[in-house]
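# Architecture at a glance
Next come the chains, spelled out residue by residue.
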Amino acid sequence: MLVDPPIDKLVDIVGNKYALVGLLGKRARMLMDKRHDYLEQEGINPVSYAAKEVYEGKVEGVEEG
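As a starting point, this report considers the structure included with it. Note that the structure is predicted; figures quoted are calculated from it, not measured.

## Here's the deal with the packing of helix H1 (residues 7-14) against helix H3 (residues 46-56)
Remark: H1 packs on H3, axes separated minimally by 10 Å, with the N-to-C direction vectors making an angle of 55 degrees. With respect to H3, the element H1 is oriented oblique. Taken as a pair, H1 and H3 cross one another with a handedness that is left-handed. Side by side, H1 and H3 meet where Lys9, Leu10, Ile13 and Val14 of the first sit next to Ala51, Val54 and Tyr55 of the second. Taken together, the residues of the contact of H1 with H3 break down into six nonpolar, no polar and one charged.

## A look at the pattern of salt bridges
Within this structure, the stated rule accounts for two salt bridges. The closest approach of N and O atoms between Glu53 and Arg27, which form a salt bridge, is 2.6 Å. Separated by 26 residues along the polypeptide, Glu53 in helix H3 and Arg27 in helix H2 (residues 17-42) bring together distant segments of the chain. The class for Glu53 is buried, based on a relative accessible area of 10%.

## Examining the environment of Leu39
Within the secondary structure, Leu39 sits in helix H2. Residue classification places Leu39 among the buried positions, given a relative accessible area of 3%. Between the C-alpha atom of Leu39 and that of Tyr49, which follows or precedes it by 10 residues, the distance is 8.8 Å. Residues within four places of Leu39 in sequence aside, it is in contact with Leu31, Met32, Ile44, Pro46 and Tyr49.

## Here's the deal with H2
Taking 1.5 Å as the rise per residue, H2 with 26 residues should run 38 Å; its terminal C-alpha atoms sit only 28 Å apart, a clear shortfall. A bend of about 95 degrees at Arg35 is the largest found in H2. When H2 is considered as a whole, its buried residues turn out to be Leu20, Leu23, Leu24, Ala28, Leu31 and Leu39. Packing partners of the buried residues in H2 comprise H1 and H3. Put simply, Asn16 is the residue that caps the front of H2, since its side-chain oxygen is 3.0 Å from the backbone nitrogen of Tyr18. Just past H2, the residue Gly43 takes up positive phi, approximately 70 degrees.

Calculation notes
- Residues numbered from 1 in each chain as written.
- Predicted model: local features only at pLDDT ≥ 70, side-chain atom pairs only at ≥ 80, totals over all residues.
- Heavy atoms only, no water.
- Axes fitted to C-alpha atoms, helices over the stretch in contact; angles between N-to-C directions.
- Helix = DSSP H or I, 4+ residues; strand = E, 2+ residues; numbered from the N terminus.
- Parallel < 35°, antiparallel > 145°, perpendicular 65-115°, else oblique.
- Left-handed = near helix turned anticlockwise from the far one by under 90°.
- Contact = heavy atoms within 4.5 Å.
- Nonpolar A, V, L, I, M, F, W, Y, C, P; charged D, E, K, R; others polar.
- Salt bridge = Lys/Arg side-chain N within 4 Å of Asp/Glu carboxyl O.
- Buried < 20%, exposed > 50% of the residue type's maximum accessible area, 1.4 Å probe, protein only.
- Expected span 1.5 Å × (residues − 1).
- Bend = angle between axes of the 7 residues up to and from the residue.
- Polar contact = N/O pair within 3.5 Å; in protein donor to acceptor, adjacent residues only side chain to side chain.

This is the structure:
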């Protein structure tokens, strides 16, 4: 379950929940392609990692809302 960062804050950042799902899914797939070994070694869920990146403003495609 995604608790940190809070989903409500992510929705506020992205604009709506559908855009959030699309953005997180796309970023998580990119992470799995490029950083799979690191994520697996550290035991990090790619969707959670992507959510933290969105929350910190590190991912393009985020609309201020």
